[in-house]
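Listed below are the residues making up each chain.
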Amino acid sequence: MDIIIILKVIAALGIFNVWILRYNKATEFRGGKAMSLKEEFETYGLNLWSMYIIGGVKIAISILFIVSCFSEDINILDFYGAAIMSLIMIGAILMHLKVNDPFKKSIPAITMLVMYAIIFVSFF
């Protein structure tokens, strides 16, 4: 199986886990002392609408990644999806730095950034 397909599936499942299954649950990786995604975005000083936009983009791109595993016709959209998700992950890392989170809380965002960067670079 192609490593890029594996990375797309792992990344998509990770997003579904955080944004659907654990949306209102505390995890050890949430920013500050947040107990949910809403509280996490508040911790970062971001508006509620930004949470919905970022969440919608992340879920849409994750669905795209899964669908693209079965069709080569839309793989160019993976290029843009990986670029957008990389930028979002850089933003997530910066938010953790902004609130002085310990490094451990940034590990998921760094891991996702690496996966998206590999997907992005695979187009060159």
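Rules of the game
Residues numbered from 1 in each chain as written. Predicted model: local features only at pLDDT ≥ 70, side-chain atom pairs only at ≥ 80, totals over all residues. Heavy atoms only, no water. Phe/Tyr/Trp six-rings, centres within 6.5 Å; stacked < 30°, edge-to-face > 60°. Buried < 20%, exposed > 50% of the residue type's maximum accessible area, 1.4 Å probe, protein only. Helix = DSSP H or I, 4+ residues; strand = E, 2+ residues; numbered from the N terminus. Polar contact = N/O pair within 3.5 Å; in protein donor to acceptor, adjacent residues only side chain to side chain. Contact = heavy atoms within 4.5 Å.

Draft legend 1. Summary view of the packing of aromatic side chains. Under the definition given, this model contains seven aromatic pairs. Aromatic side chains F120 and F124 sit 5.5 Å apart centroid to centroid with 65° between the ring planes, which places their arrangement in the edge-to-face category. On the basis of relative accessible area, F120 is assigned to the partly exposed category, the value being 26%.

Draft legend 2. Fine view of the side chain of K8. Within the element layout of this structure, K8 appears in helix α1 (residues 3–21). The buried category is assigned to K8, whose relative accessible area is 4%. In terms of polar contacts, K8 uses its side chain to reach the side chain of S68, at 2.8 Å. Every residue in contact with K8, bar those within four places of it in the chain, is listed here: F65, S68, C69, N75, D78 and I119.

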